[in-house]
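An overview of the molecular structure
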Amino acid sequence: MTLQTTLLVAVSPQARTSYLALYNISRRTSLSSSRTSSSYNRSDFSGQGYSSFYEPDQPTRGPLGNTSNVGAGHITPKALRQRLDSFVVDQDRAKIVLSVAVHEHYLRIQEIKRQQHEQARLDAQAQRRASVYRHPVEDEFPGQQSTVELHSHSETPSYGEAPAYRPASPTPQDSEWLLDTSDQQLQIEKSNVLILGPTGVGKTLMCKTLAKTLGLPISMSDCTTFTQAGYIGDDVESCIARLFSAANYDIGAAEHGIIVLDEIDKIAGTKISYGKDVGGEGVQQALLKIIEGTTVQVQAKPEKSANRPGGAPGGRGTDGSPPPGPGGNKGEVFNIRTDNILFICTGAFSNLHKIVLDRKSMGSMGFGASIRASNAHAAADGVMLTGAEAASFKKDSPFFVPPEIEAPNPFGVKQPKREEKVNVLDHVQPADLQKFGMIPELIGRIPTVCAVSALDEEALVRVLTEPKDSLVRQEEHKSYLRNIELRFTSGALREIARKASKMGTGARGLRHVVDQLLLQAKYETPGSSVKHILVTRDVALLKRAPLYFHRGQSAAFEAAHTQDEEKWEETLRSEEDPSIAPVSSFQEYRKAGAAGF
C-alpha cells in the first residue's frame, strides 16, 4: 500500500513576482554569456571590479599614455593658411612659413603656461608637506624665527644621543643634485622669421591677420626711426613699449606677444667716411639682446586722449568706465621679459637679388647678358626669373617644390600655359645678407627666412575682388550707404590693375587709381537721383566719365554692363588668337565654340 502525500505550499503574489524577476535576470545573463566575444556591448565591462588606480603625479597609462598633455588643439597651420587665403592673394610659400611659425609660437606659449601651472602645483604640494612638521604656534608672533630641525623627517630620532646639528654648507653627496638634469623640463626655443620682398604685397597684413586670429597682442615698429641709445631718435626698447600698450598694459600678455620690425633693411650697416653709424650697425647691436631674450624696463605712459578737453570728464570713456591704462603713478616702471616674444622682421631689401645673382655667376656683363634696370618697377621684375634662368635656379631650390597638377580638361579646350617663374630671393643665404649690411650675430638670431614676390596684373585683379576686405567691396559698400549701386566691369578691373602695376608700389597703387576714377562721381551723386554707377573699360582709360543711371533705369544699367562684358570677352579672344574674327551673330558664336575657342 503506497501512501502518497501531497504538500501544498501557498505562495504570495509578491514572492511570485520576485521569483519571475530573478528568473528573467538569470536568463539574460546566460544569453549574454553565449554571445561571441567579438561583439561589443555596453554592459560587458559593467560587472568588472576594481582593476587599476590613478595618481595625478604619475604619467597616464593605457591607450592615452602617449597623448599630449595639452590636448589636441583646433588651430592648425592649415587652418591659419586658409584664414590668410581669405585676405591675401598669392604668396603661398610665405603663408606656409608664417602659419607654421605662429602656430609653433602658440604651442610654445601653451606649453610654458602648462609648465608654470605644474610648477605652482608642486610648490603648493611641497608647502603643504612642510607645514605638517612646523610648530602650530610658530607664526603666532611677527618676527618669530622658524623651528630648528635637529634630525630628518625620514629618520627616527635616538633619544639616548645628544642632538647633532647639520652643517650649514652642503656635503658633496647633497650637491650631486645640482648636476642631475633628469628632472629638468624641456625648453623650446623660439624661431624668429625674416620676410624679404617688395612693398605692397601683404607682408604686414599677413602678420596682423594671424595675430588677430590667435588673439595675441601685436605691435608694428618702423626701424627707420631707431637710433643708438643717447642719440636723437627712438630707442630699440620703444618696440617693447608699443607691445605693452597693445596688450592693454598686461605684462603676461605682452611677454607672449608678437613684434613686427618693419623696414629692417633700412638699418643695414653702411660705410661712412666720418662719424659713427648710429642708425645702422649700432641699432643692430642693440637689437641682439632684445631678440634673444632679456629684461627691458618700460615706463608706462597714460593715454593722451584721457586728458583732452573734448573727452569725458575725469579721463573716463563714453560709458563712464575708466580708460585702459597702467595702474599706479604716471612714471611707473615695469620689467618685461623678451624671451617668449616672437619677432617677425620684414623689409624690401632692394638690390639684394643682384648679390644673389652675382653669387650664382649670373652677372649683367658680357655679350648677350641682360642689363639690370635701377628703377623700382624694373627691380621688382628682375627678382622674378623666367625661361632658362628659372630652370637653372629651380635645380638648386632650397626647398621642395611640388609639381603642378594639370586641371582636367574633358572638352579639350585650349588652356593658356602659365609661364614658370622663380623668385631669386628664395635662394638668399646668410652670406648674402651679411654682404648687404646685416651683422652675422643678428642673422643667426633669425633662423627662418622666406621671400614674397611682386604682384603681376592677374594678382592685382584678384586683390581687387577676392579678399574679404577687397577694395571693390569697400567702394561698393560705401556707395550702398549712399543708396547707390556701384559696379565695375572686367575690362575696367584689368585696366586699373595695369595702371597700378606700373607704379611699382604693389597693391597700394590700386587705391590711388580707384580714387582718381571715382572722385568726381563721389562728389556729384550723393543727394541726387542717380541710383546706379557703372565703371567700364573706357572709364578706366579716361576716355569718358562714369555712366550714371537714374531711378527707373535698372534695365538700361544691366544692358550696358552686359554689353561691356561681351566686348571684353571678344577682346580677350582676339588677343589669344589674332586669326579669330569678332563674333557678330549667334551662328558664328556656335562655330567658334565648336572649334574650341
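Residues numbered from 1 in each chain as written. Predicted model: local features only at pLDDT ≥ 70, side-chain atom pairs only at ≥ 80, totals over all residues. Heavy atoms only, no water.

Per an unreviewed UniProt entry, the protein goes by the name ATP-dependent Clp protease ATP-binding subunit clpX and belongs to Decorospora gaudefroyi.

A short note on the overall build of the protein
On a plain count of helices and strands, the protein comes out with 19 helices and 12 strands. A burial count over the protein gives 31% of its 597 residues as buried. Counting contacts in the protein only where the partners sit at least 6 residues apart, residues at least 24 apart contribute 73% of the total. Summed over all atoms, the accessible surface of the protein reaches about 40,100 Å², with 53% contributed by carbon and sulfur. (Helix = DSSP H or I, 4+ residues; strand = E, 2+ residues; numbered from the N terminus. Buried < 20%, exposed > 50% of the residue type's maximum accessible area, 1.4 Å probe, protein only. Contact = heavy atoms within 4.5 Å. Areas by Shrake-Rupley, 256 points an atom, 1.4 Å probe, with all protein chains shown as cover.)

Notes on the nonpolar core
Ranked by internal contacts, the top residues of the largest apolar core, which has 54 residues, are Leu98, Ile258, Ile344, Phe488, Ile496 and Leu510. Residues Ala254, Phe343, Val383 and Leu442 belong to the second largest nonpolar core, which totals 47 residues. (Core = buried A, V, L, I, M, F, W, Y, C linked by side-chain atoms within 4.5 Å.)

Here we look at the pattern of salt bridges
Counted by the stated rule, this structure contains 22 salt bridges. Where Glu457 meets Arg498, a salt bridge forms, and the shortest distance between an N and an O atom there is 3.6 Å. One end of the pair, Glu457, is in helix α13 (residues 457-465); the other, Arg498, is in helix α15 (residues 490-501), with 41 residues separating them in the sequence. Residue Glu457 is classed as partly exposed on the basis of its relative accessible area, which comes to 25%. Linking Arg494 and Glu458 is a salt bridge whose minimum nitrogen-to-oxygen distance equals 2.8 Å. Of this pair, Arg494 sits in helix α15 while Glu458 sits in helix α13, and the two are 36 residues apart along the sequence. Given a relative accessible area of 17%, Arg494 falls into the buried group. (Salt bridge = Lys/Arg side-chain N within 4 Å of Asp/Glu carboxyl O.)

So, the sheet that holds strand β10 (residues 485-488)
Strand order across the open sheet formed by three strands is β10-β11-β12, with mixed pairing between neighbours. The two strands at the open ends of the sheet, each matched to only one other strand, are β10 and β12 (547-550). Each adjacent strand pair in this sheet contributes to an overall mean axis angle of 20°, direction not counted. With four bridges connecting them, β10 and strand β11 (residues 530-535) associate as parallel partners. In the strand pairing of β11, Phe488 is matched with Val535. (Pairing = 2+ DSSP bridges. Axes fitted to C-alpha atoms, helices over the stretch in contact; angles between N-to-C directions.)

Here's the deal with the environment of Phe488
Mapped onto the fold, Phe488 is located in strand β10. For Phe488, a relative accessible area of 9% translates into the label buried. When the C-alpha positions of Phe488 and Ile533 are compared, they lie 8.7 Å apart, and in sequence the two are 45 residues distant.

So, a positive patch on the surface
Judged by side-chain charge, Arg83, Lys208, Lys212, Lys468 and Arg473 come together as a positively charged surface patch. Of the residues examined, Lys468 reaches a relative accessible area of 47% and is grouped as partly exposed. (Patch = residues over 30% accessible without salt bridge, like charges linked within 9 Å, V, L, I, M, F, W, Y side chains within 5 Å. Lys, Arg positive; Asp, Glu negative; His and termini not counted. Charge placed at Lys NZ, Arg CZ, Asp CG, Glu CD.)

A closer look at the packing of aromatic side chains
Under the counting rule described, the total for this entry stands at four aromatic pairs. Note on Phe244 and Phe334: the rings are 5.1 Å apart at their centroids and 55° apart in plane angle, and the pair reads as tilted. Of this pair, Phe244 sits in helix α5 (residues 238-246) while Phe334 sits in strand β5 (residues 333-337), and the two are 90 residues apart along the sequence. The burial state of Phe244 is the same as that of Phe334; both residues are buried. (Phe/Tyr/Trp six-rings, centres within 6.5 Å; stacked < 30°, edge-to-face > 60°.)

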